[in-house]
Structure formats: structure tokens, C-alpha cells
Amino acid sequence: MIQLNLQEGLQKAVLSLMPDANISSILVRPCPDLKFGDYQANALIGLAKRNKMDPRKFAEQVIDKLDVSEFCELVEVAGPGFLNFRLKTESISDVLVRACKGEHLFFSIEKKPRTIVIDYSSPNVAKPMHVGHIRSTILGYTLAKVFRLLGHKVVTDNHIGDWGTQFGKLLVGWKENLDKNALSVDALHEMERLYKLVNAACDNDEVVLDRVRHELVKLQDGDEENLIIWRKMIELSRHQFDEIYSRLKVDFDETLGESFYNDRLKRIVDELFERGIAEESEGAKIVYFNESKALKKHPAMVQKSDGAANYTTTDLATLEYRQNSWQPSEVIYVTDGRQQLHFQQLFELYTRWKPEHAMKLNHVWFGAILGEDGKPFKTRSGEIVRLNYLLNEAEQRAFDVVTEKNPDMGENERREIARVVGIGALKYADLSGNRQSDYVFSWDNMLSLVGNTAPYLLYAYTRICSIFRKLDGEIILKPKFFTLAQAEELTLAKHLLRFGLVLEQVGDECRPNFLCNYLYELAGYYASFYENCPVLQAEGEIRIQRLALCDLTGKVLKTGLETLGLETTERM
Ligand code: ARG
């Protein structure tokens, strides 16, 4: 893509002046303000300063050596030593022509693909999934799609919480209070009820607590009866999770639960202890991080005093397994921000245990979902909002919006559009904000037809589709060049050219909101293009070119929305 050509040209020019320069930081990025140029490089300033040179003079020397005349009509030094590049219309036209021929869609496929493992969703058995899990599911799945689109190899793994002390309580509840009827209606609901029941009983009854411990030990020792119940609980839970995944159209390459790693945990704790990484403290095995400023006061436990390993140990085993199975260059974990300490400890600990494994470990965390009152999102009666009901409500509310707009459309079609819009709106609301900020859940905002929302973008896409419907089978020619004489055409074209860069930025920072913003801007530029530049009424070459711009915009919009996990619809 052009921006890469400029970057390579610039790096070459710098090397010819400074053969030892570290050019990896010399990047070309879109200009924040199009008044000054289309692309910009600001890394020369730092480079000049480090070499005790005057940044502006250095920038001028670089320009002398720079040959990007094929792409740019102008390269200028600005401010303290920025370089601003202004593209030639012919080179923009070239890129568009090649896109029309289907040679690319403004992004390039990675020549050196990386392997990336993404751990997302990861709900817990016997507990209903809630809105917190939706965020992990949606974000994680989108990241997988972005990396795959760019040509990387991705392994997605749903690290289900299917082991742990909660099963003591669940087993007691199951054996003593199970309501089979309720279980067949809504298994997760019934298991949650059992858990709460026993949990409350434990508070003031030592006898119950003893039974809980006893059932847990039996399970851990492989008691057949308890194993059968435990497996049943997993099966029922997974069935309900799968229902939600299929409504969300999300999938996984692997679903290796925590229990998959059980028989590796003892070896790991022993090894950590023998190598002096873990030490004994009051019967437990603890790891101290004295050299780390952030973790000095937060030692991690890898074995409890009763001999049981825990979440951290399981995650160590999981990482070792991932390394051995797939040799990833990066492992990404998508969870809420409350697990930051856990992952800091895990990453530090793993690096100490396996310093030879040079993979990037990346905790991609997100903020909470709040109700409109600013408190954690709950139902009116104060319960956690269940995902299934949330999806139903999204579809129902979208149905009302669609019905209001199209009272004459058949019900089936309205239902189908409502499904796409409703689920899309829910997903988009999760993706379009800065993931680290808390976000306020608001049906009215996410279903609004104006602003940075799914309905707005999906509607923009349908408007493009409707142009092509009007052509009624007319053959659309491919333009041989683009004149781009009108300002709105040029702005739209330049924005299309940036698609690939945005995808890369999403991957680099694991922030899908960059793509949302990009698509929102694209829809805006397209709207003003369509308002100011006649398309169907234009004639000759100009008509062909403008139709092609509509088509390319539609393709980028569709690909972008699909990368965000949204389905599109041709009518709305
Ligand atoms: N099951 C955990 C939870 O619901 C999330 C697991 C995240 N992945 C991991 N490898 N620790 O909080």
C-alpha cells in the first residue's frame, strides 16, 4: 500500500545519510489534519536530536535523498521537523483501479504470518454467562478475525472454568436438592440455585461445610459417582453456552477447560519448588516477586496449604501446553480489568519458569458494563443480567425499530433484519468504545439510527446496495482511471486507502474501536460524496468512476463490519 511505499522510501533515504540508524521507528502515518498533507512522519525529529543535529536541517537533507515522486506531488518539512506527504491523484487512482480489479481491498496480507493464540469468553461451568462474558467473547472473536484477515495464523481457545472448589458445593446441592424438572427447563439456572443454596447454608453450618469438603475431595480423588455428576454439569453448561455462541455466531478452535490440565499441576509445583522459584510458607507454596516494583507486595500462590493447585498453576500449565502445541509468537487473554494482577503475576512467573520461550504475553483487559444509573449493570430486581434474555431483548427492540420504518414489510423479513440489527447493535456497543473505559449500557443509544452505532452503519450499507439494485442488471464497467476532481470524491478515496493501516493498528493495540471509528468516518465521507456528487445521474466515465467508488465503499464497509462480527443486510 502507498503508505508502506512511502515508509520504505523514507527509511532508505535515512539510511543513505545515516547507515547505522535504527529505522524501525521511522513510520509514516496518516496526517491528523488533512490540511497539512495526507501522510506524515515525525520520527526524524528524535533521530536528529539523538545525533545532535538540527531536526529541520536534517529533515531537509532527507527530502533531498527521498524519491517518492511516483506517489507524491509534494513532500514538505513542517514545524520542528515533521515531514508531510501529499499524494498525487494519479497514484490514488492506481490503487483504486487495482482494487476494482479485485487485486486487493486496501490492505496487504502479511508475508511473515505469526501464530497468535487468543483466549476469550472462558465462562465458568454451572454459572450462567452474563454481560461481562459477552464483552470478552465479542472482543476476542473480533481480534481473531482481524488477525486472520491480515493473514496470521490464529488459534482460539475457550478456557472454560470447569474445575475448582465450587464443585464441592454444587455436588452437595445436586445430591440433596436437585429439581430435575427445573434442570431440564434451564440447567444453568437450576445449578446456580443449588450453588447459592448450599453456599448460604455453609455460612452458619459446619456440618454442611464438612459435607462440601468431603464431596470435593472425593471428586478430586476420582470418585466415579462424583465424576459422573461433574461431567453432566459440564455437558449441560456447554450446551447452553453453545446456544449463545451460535446466536452470536462465534466459534472456537479449541475448548480445553481448566480440568484438561489437572494431571500436570503437581509436576509444575514440584519443579517450581525444586528450582527455588516457589517457596514454602505456612504449608502453602508461594512465589515472591522481589525484583518487580509492581508485584513486590503481591506474591502469587501456586499451591494451597491443603495441597490443591489453583487458577495460577492451571494457567501456567495452559501456557506450557500452548507453547508446545502451537509455538505462538503471542498469547492474548481477553478478560475484564479485575484480573490484571493475576495476569501480571502469571506472565512474570512464566517468564521465570521458561525464560527460553520468547512469546509475547498480552492481557487485553476491558472495563465494566454499567447501567444507566452508573452502577454495575443489573436487572431491576438486582440480579445479574442473563445473556440469553439480553439477546432476546435486543432482537425485540430492533424489531420495533424496523417495523416502525417498514410497516409494509413481511413479518419474516422484519424478524430477520431485526436479528441482524439487534445482535449487531449489542456487539457494536461493546466494540466501539475504548475497551478500558467502563461503558454505560443503553438500548436507546445502541439502537439509534444516528451516530456511531451499528444501525447507522448497517443502514449506510443498505443505501449502497439500493443503488446497485436500481441498475437493474446493467453491466457495470471497471474504470481505467479515477479523475477525483470533486473534493468529496478525493476525500472518500483517500479514506478508503487507509483501511489496511487501521486494521494493523487494531491488531497492534488490540483495539477494535479504531475500526469502528474508521467505518463511522467512512459512512460520513460517503454520505457527503453521495450528496454532492451525482452518481446515477452522472454520465460517461464519471458515472463509471462514481459507481466504482460506491462499490468499493460498500465492500470496505461490509468487510469491516464482518470483521467486527456483524452480519449485514441489503434492506433495512
Ligand atoms: N473463567 C475465568 C472467569 O470467568 C476466565 C478465564 C480467562 N482465561 C484464563 N486463561 N485465565 O473469570
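Enquirer: How would you explain the layout of surface pockets if you had to name every residue and give the values?
Expert: Taken as a whole, the second largest pocket encloses approximately 520 Å³ of empty space. Taken together, 20 residues make up the lining of the second largest pocket; nearest its centre are Leu4, Glu110, Lys111, His152 and Glu504. For the lining of the second largest pocket, the secondary-structure elements that each account for two or more residues are α1 (2-17), β11 (360-366) and α19 (499-509). Counting residues per element, the lining of the second largest pocket draws most heavily on α19, at four residues.

Enquirer: Run through helix α11 (residues 265-274), naming residues and quoting values.
Expert: Along α11, the residues that are buried comprise Leu265, Ile268, Val269 and Leu272. The arc that holds the buried residues of α11, viewed along the axis, is 95 degrees, so those residues lie on one side. Opposite the packed face of α11, turned more than 90 degrees from it, sit the exposed residues Lys266 and Glu274. Buried positions along α11 lie against β8 (284-287), β9 (300-303), α12 (311-326) and α13 (340-353). Following α11 by one or two positions, Gly276 has its phi on the positive side, about 75 degrees.

Enquirer: Describe the pattern of salt bridges, listing the residues and the values that go with them.
Expert: According to the stated counting rule, one finds 34 salt bridges in the structure shown. One salt bridge connects Glu215 with Lys218, and the closest N-O pair in it is separated by 3.7 Å. Here Glu215 pairs with Lys218, and both are found in helix α9 (residues 206-220), just three residues apart, close to one helical turn.

Enquirer: Can you lay out the packing of helix α4 (residues 89-100) against helix α18 (residues 487-497) for me, pointing to particular residues and giving the numbers?
Expert: As a packed pair, α4 and α18 sit with axes 10 Å apart at the nearest point and diverge in direction by 60 degrees. Both α4 and α18 take part in a crossing whose hand is left-handed. Seen from α4, the contacting residues are Ile92, Val95 and Leu96; seen from α18, they are Leu490, Ala493, Lys494, Leu496 and Leu497. In terms of residue class, the contact of α4 with α18 is built from seven nonpolar, no polar and one charged.

Enquirer: Can you lay out the site of the ligand for me, pointing to particular residues and giving the numbers?
Expert: Asp119, Ser122, Asn124, His133, His159, Tyr311, Asp315, Tyr333, Thr335, Gln339 and Phe343 make up every residue found near the ligand. Asp119 places a polar side-chain atom, nitrogen or oxygen, 2.8 Å from a nitrogen atom of the ligand. Relative to its unbound accessible surface of 350 Å², the ligand loses 88% to contact with the protein. Among the elements of the structure, α12 and β10 (330-336) are those that each provide at least two residues to the shell around the ligand. Partitioning the shell around the ligand into residue classes produces three nonpolar, six polar and two charged.

Procedures and definitions
- Residues numbered from 1 in each chain as written.
- Predicted model: local features only at pLDDT ≥ 70, side-chain atom pairs only at ≥ 80, totals over all residues.
- Heavy atoms only, no water.
- 1 Å grid on protein atoms, 1.4 Å probe; cavity = no way out; pocket = protein on both sides within 12 Å on 5 of 7 lines; lining within 4 Å.
- Points joined across faces, edges and corners; volume = space filled by probe spheres on them.
- Helix = DSSP H or I, 4+ residues; strand = E, 2+ residues; numbered from the N terminus.
- Buried < 20%, exposed > 50% of the residue type's maximum accessible area, 1.4 Å probe, protein only.
- Arc of directions from axis to C-beta.
- Contact = heavy atoms within 4.5 Å.
- Salt bridge = Lys/Arg side-chain N within 4 Å of Asp/Glu carboxyl O.
- Axes fitted to C-alpha atoms, helices over the stretch in contact; angles between N-to-C directions.
- Left-handed = near helix turned anticlockwise from the far one by under 90°.
- Nonpolar A, V, L, I, M, F, W, Y, C, P; charged D, E, K, R; others polar.
- Near = heavy atom within 4 Å.
- Polar contact = N/O pair within 3.5 Å; in protein donor to acceptor, adjacent residues only side chain to side chain.
- Areas by Shrake-Rupley, 256 points an atom, 1.4 Å probe, with all protein chains shown as cover.

Any link to function would need more than the numbers given here.
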